[in-house]
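Here is what each chain is made of, one letter per residue.
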Amino acid sequence: MNTSAATTTTLPNGPGAAAVLATGIGSFALGLLDVLADKVPSIKSWMNFYNPTGALSGVTTCAVIVWLAAWAILNLRWRGRDVRFGPVGTVALVLLALGILLTFPPLADLF
Amino acid sequence: MEITTRSLWTLIHGMGFGALYLMACSGALVELYRRYCSQNTAQPTARDETFLRVYLAVMAVLAWLAVITGSYIIYPWYRAKPPAGTTDLAAFPRYFLLSSPHTSAWHNMGMEWKEYIAWIAPIAITMAAVVVLQYGRRLKDHPQLRNTVLCFVWASLLAAGVAGFFGAMLNKNAPVEGGDTIHLVQGEAK
């Protein structure tokens, strides 16, 4: 009796872990694609989805697609179950930090 | 009193969506911390829960509107290439800034950073809104998850702050002007 009540009020951490890790992946993808589009002319040209905006259009569109795809895939794998959140959260925050750092032009220019 | 359509769009983007998002961000951080991270043992009411969910959803909409209007309406005006032989670059902010070593860093560092880091704000706050929507008060049962979500909201504040600061400074040094003129108020000459 109590078990069913507990089941309705307890939500495993899997969906939340999928959301944060996917957001870390998406942020890193944004920074990485920014650097690649800046350094590799062929990628810059390929990222030019919309000419008035230039490579910004392709970089941000691809990063959003990577973020949503990662979220969908991870959510499918982790929904309804608990995962070890420690490593997942750490990786997500490291990817987020790297994504932010890679968008910083003086750091991106080191590559 | 007049304003050009490009100035109006810049205002809508920066003062409307961007500044409102920045103000809302600090409120969200306080509320998320107060509700889920503090030693507060009181359970939030259903009305409180709904309020926070709507608040975060509106923030996500504001953040997406800010980056979409910035990237697809204002940025093309900013980076427009002047025709050959143009000497007055005032209508071409990117080229105006790059024409002087005293202002080129506003583009090379300011705009180059702002245009990309700004996109982290909607990505992070959308995730935070979905997690709060999914978990609600049960977020209290997942301390690691809620702390990580809070870090992402801090990151979105940082991203929006960088974008807002450079947006304001770029607009101060090389405003995006042009388009039709809108007459707001008819003044009197003295």
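Residues numbered from 1 in each chain as written. Chains lettered and ligands numbered in written order. Predicted model: local features only at pLDDT ≥ 70, side-chain atom pairs only at ≥ 80, totals over all residues. Heavy atoms only, no water.

(A) Highlighting the nonpolar core. Of all hydrophobic cores here, the largest spans 81 residues; its most connected members are Y21, L56 and I125 of chain B. Those elements giving two or more residues to this core turn out to be helix 2 (14-39), helix 4 (55-78) and helix 5 (85-103) of chain A together with helix 1 (5-37), helix 2 (46-78), helix 4 (104-117), helix 5 (120-135) and helix 6 (143-173) of chain B. If sequence neighbours within four positions are ignored, I125 of chain B has contacts with Y21, L56, M59, A60, A63, V153 and S156 of chain B. (Core = buried A, V, L, I, M, F, W, Y, C linked by side-chain atoms within 4.5 Å. Buried < 20%, exposed > 50% of the residue type's maximum accessible area, 1.4 Å probe, protein only. Helix = DSSP H or I, 4+ residues; strand = E, 2+ residues; numbered from the N terminus. Contact = heavy atoms within 4.5 Å.)

(B) Seen up close, the packing of aromatic side chains. Residues and elements named next belong to chain B. Inspection of the entire model under this criterion finds eleven aromatic pairs over all chains. For the pair Y75 and Y78, a centre-to-centre distance of 6.1 Å together with 15° between the ring planes defines the contact as stacked. Taken together, the residues span about one helical turn, with Y75 and Y78 both in helix 2 at a distance of three residues. Y75 gets classed as buried once you look at its relative accessible area, which sits at 8%. (Phe/Tyr/Trp six-rings, centres within 6.5 Å; stacked < 30°, edge-to-face > 60°.)

(C) Expanded view of the confidence of the model for chain B. For chain B, the average pLDDT comes to 92, and 98% of its residues sit at 70 or higher. Our summary of model confidence lists the complex with pTM equal to 0.92 and ipTM equal to 0.90. (pLDDT = per-residue confidence, 0-100.)

(D) Fine view of the layout of surface pockets. Taken as a whole, the largest pocket encloses approximately 710 Å³ of empty space. If you trace the largest pocket, you find 37 residues lining it, with H13, G14, K114, A163 and G167 of chain B closest to the centre. Of all the secondary-structure elements, those providing two or more residues to the lining of the largest pocket are helix 1, helix 2, helix 4, helix 5 and helix 6 of chain B. Of the residues forming the lining of the largest pocket, the biggest block, ten residues, is contributed by helix 1 of chain B. Grouping the amino acids of the lining of the largest pocket by side-chain chemistry returns 24 nonpolar, ten polar and three charged. By volume, the second largest pocket is sized at about 460 Å³. As for the second largest pocket, its lining consists of 21 residues, of which K44 and A55 of chain A together with Y75, R79 and R94 of chain B are closest to the centre. Split into classes, the residues belonging to the lining of the second largest pocket amount to seven nonpolar, six polar and eight charged. (1 Å grid on protein atoms, 1.4 Å probe; cavity = no way out; pocket = protein on both sides within 12 Å on 5 of 7 lines; lining within 4 Å. Points joined across faces, edges and corners; volume = space filled by probe spheres on them. Nonpolar A, V, L, I, M, F, W, Y, C, P; charged D, E, K, R; others polar.)

(E) View of the pattern of salt bridges. Per the counting criterion, the structure on display carries four salt bridges over all chains. The shortest N-O distance in the salt bridge between D109 of chain A and K39 of chain A comes to 3.3 Å. Of the two residues, D109 of chain A sits in the segment after helix 6 (105-108) while K39 of chain A sits in helix 2, which places them 70 residues apart along the sequence. Using a relative accessible area of 34% as the deciding quantity, one classes K39 of chain A as partly exposed. In this structure, E31 of chain B and R34 of chain B form a salt bridge, with 2.8 Å as the shortest nitrogen-oxygen distance. Linking E31 of chain B with R34 of chain B, this pair stays in helix 1, spanning three residues, or about one helical turn. (Salt bridge = Lys/Arg side-chain N within 4 Å of Asp/Glu carboxyl O.)

(F) Inspection of the interface of chain A and chain B at higher detail. With 43 residues of chain A at the contact, the number on the chain B side is 33 residues. Of the roughly 3,200 Å² buried between chain A and chain B on both sides combined, carbon and sulfur atoms contribute 75%. Across the chain A-chain B interface, the total number found is zero salt bridges. Joining chain A to chain B, the criterion identifies seven residue pairs in polar contact (both at pLDDT 80 or more). Secondary structure elements with two or more residues in the side of chain A that touches chain B: helix 1 (2-9), helix 2, helix 4, helix 5 and helix 6 of chain A. (Buried area = accessible area lost by both parts, 1.4 Å probe. Polar contact = N/O pair within 3.5 Å; in protein donor to acceptor, adjacent residues only side chain to side chain.)

(G) Representation of the environment of L145 of chain B. Residues and elements named next belong to chain B. Relative to the assigned elements, L145 resides in helix 6. The buried category is assigned to L145, whose relative accessible area is 2%. Between the alpha carbons of L145 and V131 there is a distance of 9.2 Å; along the sequence they are 14 residues apart.

(H) Representation of a nonpolar patch on the surface within the structure. Residue and element names in this part refer to chain A. Side chains of V94, L98, L101, L107, L110 and F111 sit close together on the surface and give an oily, nonpolar patch of about 580 Å² of accessible area. A per-element tally of the nonpolar patch places helix 5 first, with three residues. Secondary-structure assignment places L110 in the segment after helix 6. Judged by its relative accessible area of 65%, L110 falls in the exposed class. (Patch = residues over 30% accessible without salt bridge, like charges linked within 9 Å, V, L, I, M, F, W, Y side chains within 5 Å. Areas by Shrake-Rupley, 256 points an atom, 1.4 Å probe, with all protein chains shown as cover.)

(I) Quick peek at the side chain of S57 of chain A. Within the secondary structure layout, S57 of chain A lies in helix 4. Assessed through its relative accessible area of 1%, S57 of chain A is described here as buried. Of note is the side chain of S57 of chain A, whose polar atom sits 2.6 Å from the backbone oxygen of G54 of chain A. With residues near it in sequence (within four places) discarded, S57 of chain A still touches M47, N48, F49 and Y50 of chain A together with Y72 of chain B.

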